[in-house]
Amino acid sequence: MTAEEMTNEEQNNIPMEGEDITQKKDGGVLKLVKQEGTGTELPMTGDKVFVHYVGTLLDGTPFDSSRERGEKFSFELGKGQVIKAWDLGVATMKVGEISQLICKPEYAYGTAGSPPKIPPNATLIFQVELFEFRGEDITEGEDGGIIRRIITKGEGYTKPNEGAAVEVCLEGSCEGKVFDKRELKFELGDGESLGLPSGVEKALTAMEQGEESLFIIKPKYGYGNTGSSKYNIPGGATLQYKLKLTTFEKAKESWEMNSAEKLEQSIIVKEKGTQYFKEGKYRQASVQYKRIVSWLENESSLPEGEEQKAQALRLAAHLNLAMCFLKLQEPSSAFDNCDKALELDETNEKALFRRGEALFAMKEFERARADFQRVIQLYPSNKAAKSQVALCQKQIKEQHEKDKRLYANMFQKFAARDAKEEADKGMENGGGMEVEESGGQE
């Protein structure tokens, strides 16, 4: 008799062993450890886990096996990417552990099954081996700079945005020592003034209300190579922050504001950004200027007479963003904002000059020179542009000299190699003739 031919009553009466790991204790998932794992750490919600598994029906018929495919299976735990039984079962496993999971239909594929291999209302048996788990990378480029381990899952689906008012309990530690423990209320974007590294604010934008998580923050998103004298953090230190997002109120999104509100708020945050810039808080300043761009970039319903105000604010935002990114030594972002500014005003002196600075920092000396020369052409009294042209000329000349030496060395190597090959050929030909001659003499 196959599992498909069994009635629900017959399936439920099959002797099964293992610990009931369901919250309801309804027997929906029974776990039996076949091989103990190592250590004490268990995977957390959101972790990426790597497993091998073999799945069979109750009559022993196999329906799926990662081992047969020869490739480990990975998924994000607790995100609903797999059946409920797996999210529950794997969360209780240690690295190296092999366990059997007996999964009732309501924790597997339910009344529908998964045709053609898994019939409706099927109880399934999985043998699962956990090889590895790692935290969730929440950075945009997934560069490993901020890793999240969820301790307690939050509620809902919304998350704080830039400018959101947040209430958070935090505990920062470095090399096992707690250096910061506070309860704070602030707007996202203002964290630097409270001594928080950028990674903390980035982490908060990934959290749900009520969530408590542990974040591993690399130096790029922490206190960088300079460290923090306030907290006695050395340069290049990796930080750990335990964060609990108690509550938050999102800042208004662009679509939630009318044109008048967008203009009014843009003026306010521009002043706020300028104050941050004067204090040397360039990252915080950039957050404020970005908000202006997001509000006004695609605004097409401005009343007559307000378009010029909006364009002036957008232009100022891009110019200020370019300056912030130059200060932060992020020339490619500065270049992009200069381009946006020049789309609004193609002869803007600051945009051309700052784009030249960005190109110079990117070692694009000829293109940088062209921008500085354009500034001089349009604004002959700009002495700084003339100085920059001279610097570009010097760098271009040095680069040409370097290239000449490089190519000269290359040509010498090629010539020496060719000469050697010719000499080797001659030796081969000459050696052959000598053998023939000696053979004739004999």
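Here the structure is a predicted model, which means the values were calculated and not measured.

Trainee: How would you explain helix H9 (residues 349-361) if you had to name every residue and give the values?
Mentor: The terminal C-alpha atoms of H9 lie 19 Å apart, and with 13 residues this matches the ideal 18 Å at 1.5 Å per residue to within 8%. Burial in H9 covers these residues: Ala-351, Leu-352, Phe-353, Arg-354, Arg-355, Gly-356, Ala-358 and Leu-359. Just downstream of H9, Lys-363 is the residue with a positive phi angle, here 65 degrees.

Trainee: Tell me what's going on with the layout of surface pockets, and back it up with residues and numbers.
Mentor: Looking at the largest pocket, its volume works out to about 1,400 Å³. Along the walls of the largest pocket sit 37 residues, with Ser-198, Lys-220, Tyr-221, Arg-283 and Glu-330 positioned nearest its centre. The set of elements that each furnish at least two residues to the lining of the largest pocket consists of helix H4 (198-204), helix H6 (282-296), helix H7 (307-327) and helix H8 (331-344). Looking at which element gives the most residues to the lining of the largest pocket, the answer is H6, with seven residues. A per-class count over the lining of the largest pocket returns eleven nonpolar, 15 polar and eleven charged.

Trainee: Could you give an account of the nonpolar core, with specific residues and numbers?
Mentor: Counting residues in each nonpolar core, the largest one holds 35 residues, and the members touching the most others are Leu-263, Tyr-289, Ile-292, Leu-296 and Phe-372. The biggest single contributor to this core is H7, with eight residues. Contacts of Leu-296, omitting those with residues within four sequence positions, involve Lys-262, Leu-263, Ser-266, Ala-310, Leu-313 and Arg-314. In this structure, Cys-174, Phe-179, Ala-203 and Phe-215 belong to the second largest nonpolar core, which totals 28 residues.

Trainee: Which residues make up unusual backbone geometry, and what are the values?
Mentor: Note the cis peptide between Pro-115 and Pro-116, where omega equals 5 degrees. Its place among the elements puts Pro-116 in the loop between strand E6 (98-103) and strand E7 (124-134). Residue Gln-329 is not a glycine yet carries a positive backbone phi of 60 degrees. Residue placement: Gln-329 occurs in the loop between H7 and H8. Positive phi is not limited to glycine here, since Lys-363 has a value of about 65 degrees. Structurally, Lys-363 is set in the loop between H9 and helix H10 (365-378).

Trainee: Tell me about the packing of aromatic side chains, and name the residues and values.
Mentor: In this description, an aromatic ring pair is defined by two values, namely the gap between the centres and the angle between the planes. Enumeration according to the criterion identifies 15 aromatic pairs in this entry. Relative to Trp-86, the ring of Phe-75 lies with its centre 5.8 Å away and its plane at 50 degrees, an arrangement referred to as tilted. Of this pair, Phe-75 sits in strand E5 (residues 73-76) while Trp-86 sits in helix H3 (residues 84-90), and the two are eleven residues apart along the sequence. Each member of the pair, Phe-75 as well as Trp-86, is classed as buried. Geometrically, the ring pair formed by Phe-179 and Tyr-223 is edge-to-face, given 6.5 Å between the ring centres and 65 degrees between the ring planes. Of the two residues, Phe-179 is situated in strand E11 (residues 177-187) and Tyr-223 in the loop between strand E12 (212-217) and strand E13 (239-249); the sequence distance between them amounts to 44 residues. Assessed through its relative accessible area of 14%, Tyr-223 is described here as buried. Its end group placed over the ring of Phe-131, Lys-72 keeps NZ or CZ at 4.7 Å from the ring centre.

Trainee: Any details on H6? Residues and values, ideally.
Mentor: Between the first and last C-alpha of H6 there are 21 Å, a value that for 15 residues agrees with the 21 Å anticipated at 1.5 Å per step. By the criterion of burial, H6 is predominantly enclosed, with eleven of the 15 residues buried. Here H6 has its buried residues at Gln-284, Ala-285, Ser-286, Val-287, Gln-288, Tyr-289, Arg-291, Ile-292, Val-293, Trp-295 and Leu-296. Residues of H6 that are buried make contact with helix H5 (259-278) and H7.

Trainee: Could you give me a rundown of the environment of Ala-310, with the residues and numbers involved?
Mentor: Relative to the helices and strands, Ala-310 is located in helix H7. The class for Ala-310 is buried, based on a relative accessible area of 4%. Here the alpha-carbon distance between Ala-310 and Lys-262, two residues 48 residues apart in the chain, equals 9.0 Å. Sequence-distant contacts of Ala-310, that is, excluding residues within four places in its chain, are made with Leu-263, Leu-296 and Leu-302.

Trainee: So what about the sheet that holds strand E9 (residues 146-152)? Which residues, and what values?
Mentor: Pairing within the open sheet is antiparallel, and its six strands lie in the order E8-E9-E12-E13-E10-E11. Edge positions in the sheet fall to strand E8 (136-137) and E11, since each has one partner strand and no second. Direction of pairing for E8 relative to E9: antiparallel, over a ladder of two bridges. Across the sheet, residue Glu-136 finds its bridge partner in E9, namely Arg-148.

Trainee: Tell me about the pattern of salt bridges, and name the residues and values.
Mentor: For the structure on display, the rule yields 28 salt bridges. In this structure, Arg-182 and Asp-180 form a salt bridge, with 2.8 Å as the shortest nitrogen-oxygen distance. Look at Arg-182 and you get partly exposed, because its relative accessible area is 23%. The class for Asp-180 is buried, based on a relative accessible area of 4%. A salt bridge links Arg-283 to Glu-330; the nearest nitrogen and oxygen atoms lie 2.6 Å apart. Of this pair, Arg-283 sits in helix H6 while Glu-330 sits in the loop between H7 and H8, placing them 47 residues apart in sequence. Via salt bridges that share partners, Glu-76, Lys-79, Glu-136, Arg-148 and Glu-211 belong to a single interconnected network.

Cut-offs and rules
Residues numbered from 1 in each chain as written. Predicted model: local features only at pLDDT ≥ 70, side-chain atom pairs only at ≥ 80, totals over all residues. Heavy atoms only, no water. Helix = DSSP H or I, 4+ residues; strand = E, 2+ residues; numbered from the N terminus. Expected span 1.5 Å × (residues − 1). Buried < 20%, exposed > 50% of the residue type's maximum accessible area, 1.4 Å probe, protein only. 1 Å grid on protein atoms, 1.4 Å probe; cavity = no way out; pocket = protein on both sides within 12 Å on 5 of 7 lines; lining within 4 Å. Points joined across faces, edges and corners; volume = space filled by probe spheres on them. Nonpolar A, V, L, I, M, F, W, Y, C, P; charged D, E, K, R; others polar. Core = buried A, V, L, I, M, F, W, Y, C linked by side-chain atoms within 4.5 Å. Contact = heavy atoms within 4.5 Å. Phe/Tyr/Trp six-rings, centres within 6.5 Å; stacked < 30°, edge-to-face > 60°. Lys NZ or Arg CZ within 6 Å of the ring centre and 35° of its normal. Pairing = 2+ DSSP bridges. Salt bridge = Lys/Arg side-chain N within 4 Å of Asp/Glu carboxyl O.

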